[in-house]
2 protein chains.
Amino acid sequence: MKIGELAKLSGVAAHTIRFYETKGLLPKASRNVNGYRHYNNESVQRLATIQCAKRLGFSLEDILTVLAHSEPAKGLDHDKVLQQLDVRLLEVKQLIKALLVQQNEITLFKQQLQTTWQQGKCMQADALFDSNSAMITE
Amino acid sequence: MKIGELAKLSGVAAHTIRFYETKGLLPKASRNVNGYRHYNNESVQRLATIQCAKRLGFSLEDILTVLAHSEPAKGLDHDKVLQQLDVRLLEVKQLIKALLVQQNEITLFKQQLQTTWQQGKCMQADALFDSNSAMITE
DNA sequence: TATAAGCTTAAAGTTAACTTTAATGTCAAT
DNA sequence: ATTGACATTAAAGTTAACTTTAAGCTTATA
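If you're wondering where the values come from, they're calculated on a predicted model, not measured in any experiment.

Peer 1: Break down the protein's contact with DNA strand D for me, with residues and values.
Peer 2: Around DNA strand D there are 18 residues in total, and Gly4(A), Arg18(A), Arg31(A), Thr16(B) and Asn34(B) lie nearest to it. Atoms of DNA strand D within 4 Å of the protein belong to the sugar or the phosphate in 85% of instances, the rest to bases. A distance of 2.8 Å is found between a phosphate oxygen of DNA strand D and a side-chain nitrogen or oxygen belonging to Arg37(A). A distance of 3.2 Å separates a sugar or linking oxygen of DNA strand D from a polar atom in the side chain of Tyr36(B). Elements with a minimum of two residues in the surface near DNA strand D: α1 (3-10) of chain A together with α2 (14-23) and α4 (60-68) of chain B. By residue number, the principal contributor to the surface near DNA strand D is α2(B), which donates four residues. For the surface near DNA strand D, the residue count by class is six nonpolar, six polar and six charged.

Peer 1: Can you break down the side chain of Gln102(A) residue by residue, with the values?
Peer 2: Secondary-structure assignment places Gln102(A) in helix α5 (residues 78-118). Residue Gln102(A) is classed as buried on the basis of its relative accessible area, which comes to 15%. Not counting the four nearest positions on each side in its chain, Gln102(A) is found in contact with Arg55(B), Leu56(B), Gly57(B), Arg88(B) and Val92(B).

Peer 1: Before we move on, could you go through the pattern of salt bridges and cite the residues and values that matter?
Peer 2: If you walk through the whole model with that rule in mind, you get eight salt bridges over all chains. Lys110(B) is the partner of Asp86(A) in a salt bridge, and the nearest nitrogen-oxygen pair spans 2.6 Å. One end of the pair, Asp86(A), is in helix α5; the other, Lys110(B), is in helix α5 (residues 78-118), on a second chain.

Peer 1: Describe the protein's contact with DNA strand C, and please don't skip the residues or the numbers.
Peer 2: Lining the immediate environment of DNA strand C, one finds 18 residues, of which Thr16(A), Gly4(B), Arg31(B), Tyr36(B) and Arg37(B) sit closest. Each atom of DNA strand C within 4 Å of the protein was assigned to sugar, phosphate or base; sugar and phosphate come to 78%. Here a phosphate oxygen of DNA strand C sits 2.7 Å away from a polar atom, N or O, in the side chain of Thr16(A). At a separation of 3.4 Å, a phosphate oxygen of DNA strand C approaches a polar backbone atom of Leu60(A). Mapped onto the surface near DNA strand C, the elements with two or more residues apiece are α2 (14-23) and α4 (60-68) of chain A together with α1 (3-10) of chain B. At four residues, α2(A) tops the list of elements feeding residues into the surface near DNA strand C. Partitioning the surface near DNA strand C into residue classes produces six nonpolar, six polar and six charged.

Peer 1: If you had to explain α2(B) to someone new, which residues and values would you point to?
Peer 2: An α-helical turn contains 3.6 residues, so a residue and the one three or four places further along point in the same direction. Residue and element names in this part refer to chain B. Those residues of α2 that fall on the buried side of the exposure criterion are Ile17, Tyr20 and Glu21. On an axial view of α2, the arc spanned by its buried residues comes to 105 degrees, and they lie on one face. Turned more than 90 degrees from where α2 packs its buried face, His15 and Thr22 sit exposed. Where α2 is buried, its residues contact α1, β1 (30-31), β2 (37-38), α3 (41-55) and α4. The positive-phi residue at the C-terminal boundary of α2 is Gly24, with phi of around 85 degrees.

Peer 1: A description of the packing of α3(B) against α4(B) should follow, citing residues and the corresponding values.
Peer 2: Residue and element names in this part refer to chain B. At a closest axis distance of 10 Å, the pairing of α3 and α4 adopts a crossing angle of 125 degrees. Between α3 and α4, the crossing angle belongs to the class labelled oblique. The two elements α3 and α4 meet at a crossing, and its hand is right-handed. Along its contact with α3, which presents Arg46, Ile50, Ala53 and Lys54, the element α4 presents Leu60, Ile63 and Leu67. Broken down by class, the residue content of the contact of α3 with α4 amounts to five nonpolar, no polar and two charged.

Peer 1: Any chance you could break down the environment of Ala48(A) for me, citing the residues and the numbers?
Peer 2: All names here are of chain A. Structurally, Ala48 can be placed in helix α3 (residues 41-55). Using a relative accessible area of 32% as the deciding quantity, one classes Ala48 as partly exposed. Along the chain, Ala48 and Ser10 lie 38 residues apart, while their C-alpha atoms are 6.7 Å from each other.

Basis of the calculations
Residues numbered from 1 in each chain as written. Chains lettered and ligands numbered in written order. Predicted model: local features only at pLDDT ≥ 70, side-chain atom pairs only at ≥ 80, totals over all residues. Heavy atoms only, no water. Near = heavy atom within 4 Å. Polar contact = N/O pair within 3.5 Å; in protein donor to acceptor, adjacent residues only side chain to side chain. Helix = DSSP H or I, 4+ residues; strand = E, 2+ residues; numbered from the N terminus. Nonpolar A, V, L, I, M, F, W, Y, C, P; charged D, E, K, R; others polar. Buried < 20%, exposed > 50% of the residue type's maximum accessible area, 1.4 Å probe, protein only. Contact = heavy atoms within 4.5 Å. Salt bridge = Lys/Arg side-chain N within 4 Å of Asp/Glu carboxyl O. Arc of directions from axis to C-beta. Axes fitted to C-alpha atoms, helices over the stretch in contact; angles between N-to-C directions. Parallel < 35°, antiparallel > 145°, perpendicular 65-115°, else oblique. Left-handed = near helix turned anticlockwise from the far one by under 90°.

Listed below in structure tokens is the structure:
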């Protein structure tokens with residue numbers, strides 16, 4: 001099939017497919033007489049793989065690393081895959097933690113602001129931010 | 001004070017301070033005879049404000065927006081600030097949700113992989129990812 | 001006095017993951 | 001035969017928030 005068809009089947013834009021090829025995420029496509037790239041079902045599979053990994057939060061480079069450590073014949077390098085999954089899992093957990101902190105800080109800040117403003121005080125930005133800063137870091 | 005001193009006091013690198021000036025986050029600094037930028041305590045405050053807002057996850061552009069809607073004399077635009085805080089709060093909540101989903105997906109995927117591999121099966125990458133994909137989307 | 005540290009500018013580089021552009025070639029259908 | 005859709009390439013553009021570079025002044029210290 002041609003790149004446009006693959007694009008439709010996979011949901012990945014044609015130019016993105018070419019981009020993936022330059023990045024080594026897809027093997028260099030074989031060409032037919034007119035120079036057009038030619039794909040088969042394996043290509044669809046490969047793109048599905050990439051999509052899936054991306055959904056788990058992996059960067060293209062992560063995906064490339066796993067691919068690089070896996071020989072076509074033997075399949076994936078198990079240790080590498082599990083290791084990457086663990087790294088990503090840790091990353092995700094830390095992100096969640098940081099975001100929960102942010103959520104609290106913003107909520108608290110909002111309350112402070114509203115209270116202050118309801119009292120008719122029109123503090124300058126700096127003072128407000130500073131009081132919030134002090135509140136949080138204490 | 002000169003830019004280097006401000007950098008030390010605020011914990012923001014000198015070139016970053018100049019960068020903020022070009023972006024309008026800091027007012028154009030007055031210069032002394034030799035052309036060097038000259039700062040005072042207000043500058044320290046302003047940088048603290050920016051740092052604080054950044055910690056809450058606001059982009060420089062967000063910060064600029066609030067600043068733009070606030071006149072120096074009147075202080076901050078209350079509605080604008082509260083609105084921005086609400087937008088960011090929603091953003092944070094959605095991010096947390098998405099990350100929790102990712103956390104689950106990765107954990108499930110790991111278990112699937114380990115089970116499969118322990119059974120001595122050496123599936124190819126595609127099949128694995130696909131089974132995972134199916135598992136998740138069902 | 002010489003050297004090092006600090007200041008100035010504008011412009012380009014960085015990272016990620018594409019997207020857009022430009023200029024051109026091929027194919028399918030009417 | 002012509003129109004429109006699809007293909008090719010390399011290179012530049014996008015976004016965010018800086019960082020680095022280059023090339024050249026100024027100031028402080030030994």
